[in-house]
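Read off the chains here:
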Amino acid sequence: MSVGILGLTEKQFLAEADNLSMTPAAAGRHWRQLFRQGTLPPEIQGKVKIPSMPIVRREPDGDTLKFAQQLEGGLETESVILPQRGRTGRIRTSLCVSSQVGCAMGCRFCETATLGRRQQLTTDEIVGQWFAARHSEGRSITNIVFMGMGEPTDNIESVLQAIRVLTEHGGPAIPASRISVSTVGRSQGIERLAEFANEPGFRQLRLAVSLNAPDDAVRQTLMPVNRAEPMADLHAAMSAWPAGNRLPILVEYVLIPGVNNAPGHATAVAKFLQGLSVNLNVIPYNPIRDSPWLAPTESEVVAFCAEAREAGLRTKRRRTMGRDAMAACGQLGNPALKRERPTRSK
Ligand code: SF4
């Protein structure tokens with residue numbers, strides 16, 4: 001039986017050396033060669049399995065590249081490469097990865113939600129997105145964000161194992177401090193992430209929570225998850241996120257004009273987040289197909305951010321990138337797949 005090498009850490013692969021009739025030293029060499037150079041010597045090619053995930057679409061938009069890979073069952077996963085210049089002038093290149101094809105969470109501002117959940121991705125299919133970005137596209141990836149298709153806590157063990165592989169020194173070598181996991185904020189999922197983040201080597205893993213509302217009334221119109229788990233539960237889960245010298249929790253706020261940007265909303269958000277170590281990330285809404293809402297105007301974004309800062313929140317707005325290629329936040333979701341399934345009523 002062949003072994004799914006992209007889903008294993010070096011140590012886990014070494015444990016398979018006997019089964020693969022190779023010495024641990026050779027196994028380590030092959031594992032590192034695959035991750036660093038993207039190649040495997042011919043003698044072991046039949047013994048290990050690399051998921052077949054050819055890139056079937058590339059949609060560049062400026063510096064941003066959205067690409068789709070076809071999975072063995074025929075569905076596609078989508079990822080986005082986003083280069084950004086940091087404060088020091090250095091270019092950081094984030095890879096936004098998917099953890100599922102589609103998503104079951106039904107957030108109304110999100111293109112992926114219209115697909116429903118179609119498939120859980122295995123660890124090697126998640127790492128396979130990094131592999132394609134690095135070795136097919138030749139991009140040096142410095143950051144990973146689990147903000148593509150899917151709710152990571154709905155496929156949590158595959159996501160955590162992918163993080164173990166992505167942080168490996170002899171492999172992708174992406175520090176945990178440069179990996180963010182973005183969730184709709186289900187308590188159980190945050191608890192599991194917190195448990196993982198207490199393991200040595202993962203203490204700097206970054207939690208991102210998709211809040212998007214000043215109160216339950218607004219949040220449940222946007223995010224069905226809020227009916228089962230209202231904001232008080234979310235607050236309790238965020239309070240239990242391990243503190244210490246960790247990076248603040250990133251609170252994402254998709255700003256939708258006429259829905260969650262009224263005067264007073266940012267102040268209510270600040271009140272809700274009081275006592276938590278957080279940074280607020282305001283994401284101007286990117287209209288999805290057939291959207292009932294427009295993107296906010298510049299002055300609406302500025303006004304919301306100003307009120308949030310005034311209320312004491314460290315606030316940043318996310319630069320809108322990739323809107324033309326439907327590669328921006330909340331816009332992933334293959335249109336062909338979507339046509340196969342009736343769109344949910346809004
Ligand atoms: S925003 Fe995230 S959790 Fe919500 S539907 Fe979209 S992919 Fe799923």
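Conventions used here
- Residues numbered from 1 in each chain as written.
- Predicted model: local features only at pLDDT ≥ 70, side-chain atom pairs only at ≥ 80, totals over all residues.
- Heavy atoms only, no water.
- Domains from an automatic or database assignment.
- Contact = heavy atoms within 4.5 Å.
- Buried area = accessible area lost by both parts, 1.4 Å probe.
- Helix = DSSP H or I, 4+ residues; strand = E, 2+ residues; numbered from the N terminus.
- Near = heavy atom within 4 Å.
- Nonpolar A, V, L, I, M, F, W, Y, C, P; charged D, E, K, R; others polar.
- 1 Å grid on protein atoms, 1.4 Å probe; cavity = no way out; pocket = protein on both sides within 12 Å on 5 of 7 lines; lining within 4 Å.
- Points joined across faces, edges and corners; volume = space filled by probe spheres on them.
- Salt bridge = Lys/Arg side-chain N within 4 Å of Asp/Glu carboxyl O.
- Buried < 20%, exposed > 50% of the residue type's maximum accessible area, 1.4 Å probe, protein only.
- Phe/Tyr/Trp six-rings, centres within 6.5 Å; stacked < 30°, edge-to-face > 60°.
- Arc of directions from axis to C-beta.
- Core = buried A, V, L, I, M, F, W, Y, C linked by side-chain atoms within 4.5 Å.
- Axes fitted to C-alpha atoms, helices over the stretch in contact; angles between N-to-C directions.
- Parallel < 35°, antiparallel > 145°, perpendicular 65-115°, else oblique.
- Left-handed = near helix turned anticlockwise from the far one by under 90°.

A. Quick peek at the domain arrangement of the protein chain. What the domain assignment reports for the protein chain is domain 1 (1-49) and domain 2 (51-339). Each of domain 1 and domain 2 has a C-alpha centre, and the two are 32 Å apart. Residue-level contacts link 16 residues of domain 1 with 17 residues of domain 2. Here domain 1 meets domain 2 over a buried area of about 1,200 Å², counting both sides, of which 61% is carbon and sulfur.

B. Layout of unusual backbone geometry. The phi angle at S21 is positive, at roughly 55°, despite the residue not being glycine. Looking at where S21 falls in the secondary structure, it is placed in the loop between helix 1 (10-14) and helix 2 (24-37). Of note, the phi angle at D290 is positive, near 60°, even though the residue is not glycine. Looking at the element boundaries, D290 is found in the loop between strand 13 (278-284) and helix 10 (298-310).

C. Region of the structure containing the site of the ligand. The local shell around the ligand consists of C103, M105, G106, C107, F109, C110, A113, G150, E151 and V184. Taken together, the residues of the shell around the ligand sort by class into 7 nonpolar, 2 polar and 1 charged.

D. Layout of the layout of surface pockets. By volume, the second largest pocket is sized at about 170 Å³. Surrounding the second largest pocket, 13 residues form its lining, W241, P242, A243, I249 and S277 being those nearest its centre. For the lining of the second largest pocket, the class distribution of residues is 8 nonpolar, 4 polar and 1 charged.

E. Layout of the pattern of salt bridges. Within this structure, the stated rule accounts for 15 salt bridges. R58 is the salt-bridge partner of E137, the closest N and O atoms lying 2.9 Å from each other. Linking E137 in the loop between helix 3 (123-136) and strand 9 (143-146) with R58 in strand 3 (residues 55-61), this pair joins segments that are 79 residues apart in sequence. Judged by its relative accessible area of 18%, E137 is buried. A salt bridge links E195 to R192, with the nearest nitrogen and oxygen atoms 2.7 Å apart. Of the two residues, E195 and R192 both sit in helix 5 (residues 187-197), 3 residues apart, roughly one turn of that helix.

F. Structural context of the packing of aromatic side chains. All chains considered together, the criterion is met by 6 aromatic pairs. Considering the side-chain rings of Y253 and F304, the 4.7 Å spacing of their centres and the 25° angle between planes classify their relative orientation as stacked. Linking Y253 in strand 12 (residues 249-255) with F304 in helix 10, this pair joins segments that are 51 residues apart in sequence. This pair shows no difference in class: Y253 is buried, exactly as F304 is. Grouped by ring-pair contacts, the aromatic residues W31, F35, W130 and F131 constitute a single cluster.

G. Representation of helix 9 (residues 265-273) in the model. Within helix 9 the residues assigned to the buried category are H265, A266, V269, A270, F272 and L273. Here the buried residues of helix 9 occupy an arc of 160° about the axis, which is enough to place them on one side. For helix 9, the secondary structure elements touched by its buried residues are helix 8 (231-239), strand 12, strand 13 and helix 10.

H. Broad picture of the nonpolar core. Counting residues in each nonpolar core, the largest one holds 81 residues, and the members touching the most others are W130, I144, F146, I163 and L273. Counting residues per element, this core draws most heavily on helix 4 (residues 156-166), which supplies 7 residues. Each of two domains, domain 1 (1-49) and domain 2 (51-339), supplies a minimum of three residues to this core.

I. Broad picture of the packing of helix 3 against helix 4. Running from N to C, helix 3 and helix 4 cross one another at 45°; their axes reach a closest spacing of 8 Å. Comparing their axes, helix 4 and helix 3 come out oblique. Crossing of helix 3 over helix 4 shows right-handed handedness. Here T123, I126, V127 and W130 of helix 3 come into contact with helix 4, specifically with S158, V159, Q161, A162, V165 and L166. When its residues are assigned to classes, the contact of helix 3 with helix 4 shows 7 nonpolar, 3 polar and no charged.

J. Helix 8, seen in detail. Inspection of helix 8 places M231, L234, A237 and M238 among the buried residues, and these make up the whole buried set. For helix 8, the angular spread of buried residues about the axis comes to 115°, placing them on one side.

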